Structures are given as C-alpha cells and as structure tokens.
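If you want the building blocks of each chain, they are given just below.
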Amino acid sequence: MTSLDGKVAIITGGARGQGRAHALTLAAAGARIVVCDVAAPIKNVQYALATPGDLEETIQLVKEAGGEIAGMQADVRSSADMKAVADLAVSQFGRIDILLANAGIHDHCESTIEIEDDAWQTMLDVNLTGAWKACKAVVPVMIEGGRGGSIVITSSVDGLGASPSWGHYGAAKHGLQGLKDTLAFELADHNIRVNTVNPTGVNSPMAEGLSKVLPHVVRKWKHNDRTNLLDVMMLEPQDISDAVLWLVSDGAKYVTGIDLPIDAGYLTKH
Ligand SMILES: NC(=O)c1ccc[n+]([C@@H]2O[C@H](COP(=O)([O-])OP(=O)(O)OC[C@H]3O[C@@H](n4cnc5c(N)ncnc54)[C@H](O)[C@@H]3O)[C@@H](O)[C@H]2O)c1
C-alpha cells in the first residue's frame, strides 16, 4: 500500500475530473491536500468550466473520506494566485512535497492556421504558462524545505504526437514536455523529480463538455479511427490517478524527466 503520510500536495484544476480523482487518491494514501481551480468561465473556452460548487464538492468528498484538505479559487494564469495557493499550503500544513499541475482547457479548430490570435493565446496561457506559474510558486518552497519533492505535469498524448484539429492544444502540451525536461534537469540537485503523465481520452467533464458543444469533433475522431489500441474508448479519471500516485510515491524515487503515457496503446497505434 503506497503511503504519502506526512506529505502535502497541491493540485491545480482540482474542482472536478482528473484533479478531483487525484485529490481523493492522494488523500486516501495519507497526503494532505490543497486544491485550487479557476471555478469560473474563461473567454474562448466553449464548454462550461468548473464552478465554486464543484470546488466545494471536492473539498467535502475528501473530508468525508477522512482526508485533510484546504482549497481556494485560483487561476493558473496569475502568478499572484499561484503564490496565494502555495502560501495557503504553508500556512495550513507547513510544507509542500507534491505539485500536480493538472489544470487545463481544450478547444477545437478546423485548421491551425485559422485559429484566432486570442484563442491561441488563451490556450497557451492556461495549458503551458499556467503550469510554469504553478511550478514557479511551489518550487522555492520545496527547495526551502530541503526534503525534495515531486511534480507531475498533466500533458496528453497530444504532447507527444500530432494533434490535428487542435494545434494550439498540441503546441501547449508539447511545450509542457520541454518544461518538464528542463525543470527535471535544473531541480535534480534538490531531489525534486519532474515528470509528465500523457493520457489518451479521459471520461471527464472536459470530454463531456466538448462532445456537447462540438459533437462533429467526436464524430470525426471515430471516422478517422483516432482510437486506442486496447479495446477502450475513454479511460476513467481514476486510471490517471493510479499512475500519478505511483509517480509521486517512493516507488518512483529514481524516476524523473519521463513522459508516462496512460494511453491504452494510442501512441503505438498512431
Ligand atoms: N479529458 C481528456 O480527454 C484529457 C486527455 C488528456 C489530457 N487531459 C488533460 O488533463 C487535465 C485535466 O483535465 P480533465 O479531463 O480533468 O478536464 P476538466 O475540465 O474536467 O478539469 C480541468 C479543470 O481545470 C480547471 N481550469 C481550467 N482553466 C483553469 C485555470 N486557468 N486555472 C485554474 N483551473 C483551471 C477547470 O475549471 C476544471 O475544473 C487537463 O490538463 C487536460 O488538458 C485531458
């Protein structure tokens, strides 16, 4: 049984979906959790993002399961917000050992060169720069703690392969691979490990929201056979949480700088 007793984990985008599953999974392993989420609409995002009620539900679910958790609304696009989240972790629990840079948005385009400037920028601001800002706020606290740490950045199969229909999403996720490699290199001397998880399609409110506002995209996927090698259309958030739990545990204490596809063979097939 993996133990994270005594550890403190920050999770961005934790109001629902994979972030909520990560909160419940790490809390069950003994970690104290600090969860944050924008919990508000963002311009250029066509499906509904989380609400303050979703954020509160994650907090209540962790508490009901016997876990310790604090949470706040925070936007990964804001360095001040990310600093406030790191400060909350230190004031509530005294340390930070784990960062899950999970917050993200999705979008669709017929052609990458036709993406509006504003939509491109929003994607990069949230999915790439947001992860960097979360790291920027948390890493000094980890270094100061002197106990090492583990950062898991949620990328995607689209961070490792081609992503027709969402070039801005793919560009941001590929950027996360470079961010991960660089941070793994720079932080190794502090025993801070940095890795990405690279999921295939996950059955989360993001996927559900996209399929409602852009049903033709889902049809196109199926038509193009953009499916997995194993016989599963969508993974569940818990499938990603299980991999994250391993990556942040002592079982992975010598694992840094890797991409971990949880992709049912998607990348092998494509
Ligand atoms: N669902 C999929 O098919 C899939 C596949 C591969 C990777 N991913 C990635 O997994 C991560 C989690 O996504 P999910 O599937 O749980 O989707 P989700 O939409 O259910 O959860 C993402 C959360 O991030 C929050 N968020 C968005 N912008 C934010 C911001 N600026 N600041 C703070 N929080 C913000 C949202 O409110 C939401 O609660 C994302 O990075 C996503 O790109 C998803």
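Our subject is the structure listed above.
Predicted, not measured: the structure shown is a model, and the values here were computed from it.

J.: I keep staring at the sheet that holds strand β6 (residues 192-199) and nothing clicks. Help me out?
T.: Working definition: the strands of a sheet are paired by backbone hydrogen bonds and lie parallel or antiparallel to each other. Taken together, 7 strands build an open sheet; the order of strands is β3-β2-β1-β4-β5-β6-β7 and the sheet is parallel. Two strands lie at the open edges of the sheet, namely β3 (69-73) and β7 (259-262), each paired on one side alone. On average, each strand axis in the sheet is inclined to that of its neighbour by 15 degrees, with strand direction left out of account. Strand direction decides the pairing type here: β6 and β7, joined by 4 bridges, are parallel. Across the sheet, residue Thr-196 finds its bridge partner in β7, namely Asp-259. On top of the sheet, helix α5 (residues 167-187) reaches β5 (149-154), β6 and β7; it is set at about 160 degrees to β6, its chief contact.

J.: Would you mind showing me how to read the side chain of Thr-200 here?
T.: Relative to the helices and strands, Thr-200 is located in the loop between β6 and α6 (205-213). Here the side chain of Thr-200 touches Asn-228 through a polar contact of 2.8 Å, side chain to side chain. Ignoring any residue separated from it by four or fewer positions in sequence, one finds Thr-200 in contact with Val-157, Asn-228, Leu-235, Ile-262, Asp-263, Ala-264 and Tyr-266.

J.: Honestly, the pattern of salt bridges in this entry has me stumped. Any pointers?
T.: Any two side chains of opposite charge can pair, on the condition that their charged atoms come close. Overall, the coordinates contain 8 salt bridges when judged by the stated rule. Of the charged contacts, one joins Lys-83 and Asp-87 as a salt bridge, the two residues approaching to 3.1 Å between their closest N and O atoms. Of the two residues, Lys-83 and Asp-87 both sit in helix α3 (residues 79-93), 4 residues apart, roughly one turn of that helix. Taking the relative accessible area as the measure of exposure, Lys-83 reaches 46% and is therefore partly exposed. A relative accessible area of 38% means that Asp-87 is categorised as partly exposed. Between Asp-181 and Lys-180 there is a salt bridge, and its shortest N-O distance comes to 2.7 Å.

J.: Sorry, what's going on with the site of the ligand here?
T.: Every one of the 29 residues lining the ligand counts as a neighbour, but Arg-16, Asp-37, Tyr-169, Val-202 and Ser-204 are closest to it. Contacts to the ligand include Tyr-169, whose side-chain N or O atom sits 2.7 Å from an oxygen atom. Of all the cavities here, the one that holds the ligand is the largest cavity. Taken together, the residues of the shell around the ligand break down into 14 nonpolar, 11 polar and 4 charged.

J.: In this structure, what is going on with helix α1 (residues 17-28)? I would like to understand it.
T.: Three- or four-residue spacings in an α-helix give side chains the same orientation, since the helix completes a turn every 3.6 residues. The terminal C-alpha atoms of α1 lie 17 Å apart, and with 12 residues this matches the ideal 16 Å at 1.5 Å per residue to within 8%. Burial of α1 is extensive: 10 of the 12 residues sit out of reach of the surface. Listed as buried for α1 are Gly-17, Gln-18, Gly-19, Arg-20, Ala-21, His-22, Ala-23, Thr-25, Leu-26 and Ala-27. Phi turns positive one or two residues past the end of α1, at Gly-30, with a value near 110 degrees.

J.: For this particular structure, what's the right way to read the side chain of Thr-227?
T.: Note that Thr-227 resides in the loop between α7 (215-223) and α8 (237-248). One polar contact links Thr-227 to Lys-269, side chain to side chain, over a distance of 3.0 Å. What Thr-227 contacts, discounting residues up to four positions off in sequence, is Met-233, Tyr-266, Lys-269 and His-270.

J.: I'm lost on empty space enclosed by the protein in this one. Help?
T.: A water-sized probe, rolled over the atoms, reveals where empty space remains. Summed over the entire model, instances satisfying the criterion amount to 3 cavities of 30 Å³ or more. If you go around the largest cavity, you meet 48 residues; those closest to its centre are Gln-18, His-106, Tyr-169, Ser-204 and Met-206. Counting residues per element, the ones that place at least two in the lining of the largest cavity are α1, β2 (32-37), α4 (117-145), α5 and α6. Looking at the lining of the largest cavity residue by residue, the class counts come to 24 nonpolar, 17 polar and 7 charged. Estimated volume of the second largest cavity: approximately 60 Å³. As for the second largest cavity, its lining consists of Thr-12, Val-76, Ala-101, Asn-102, Ala-103, Val-126, Asn-127, Gly-130, Ala-131, Thr-154, Lys-173 and Leu-176. At the level of secondary structure, the elements contributing two or more residues to the lining of the second largest cavity comprise α4 and α5. No other element matches the 4 residues that α4 contributes to the lining of the second largest cavity. Residue composition of the lining of the second largest cavity, by class: 6 nonpolar, 5 polar and 1 charged.

Conventions adopted
- Residues numbered from 1 in each chain as written.
- Predicted model: local features only at pLDDT ≥ 70, side-chain atom pairs only at ≥ 80, totals over all residues.
- Heavy atoms only, no water.
- Pairing = 2+ DSSP bridges.
- Helix = DSSP H or I, 4+ residues; strand = E, 2+ residues; numbered from the N terminus.
- Axes fitted to C-alpha atoms, helices over the stretch in contact; angles between N-to-C directions.
- Contact = heavy atoms within 4.5 Å.
- Polar contact = N/O pair within 3.5 Å; in protein donor to acceptor, adjacent residues only side chain to side chain.
- Salt bridge = Lys/Arg side-chain N within 4 Å of Asp/Glu carboxyl O.
- Buried < 20%, exposed > 50% of the residue type's maximum accessible area, 1.4 Å probe, protein only.
- Near = heavy atom within 4 Å.
- 1 Å grid on protein atoms, 1.4 Å probe; cavity = no way out; pocket = protein on both sides within 12 Å on 5 of 7 lines; lining within 4 Å.
- Sits in = over half its atoms within 2 Å of the grid points.
- Nonpolar A, V, L, I, M, F, W, Y, C, P; charged D, E, K, R; others polar.
- Expected span 1.5 Å × (residues − 1).
- Points joined across faces, edges and corners; volume = space filled by probe spheres on them.

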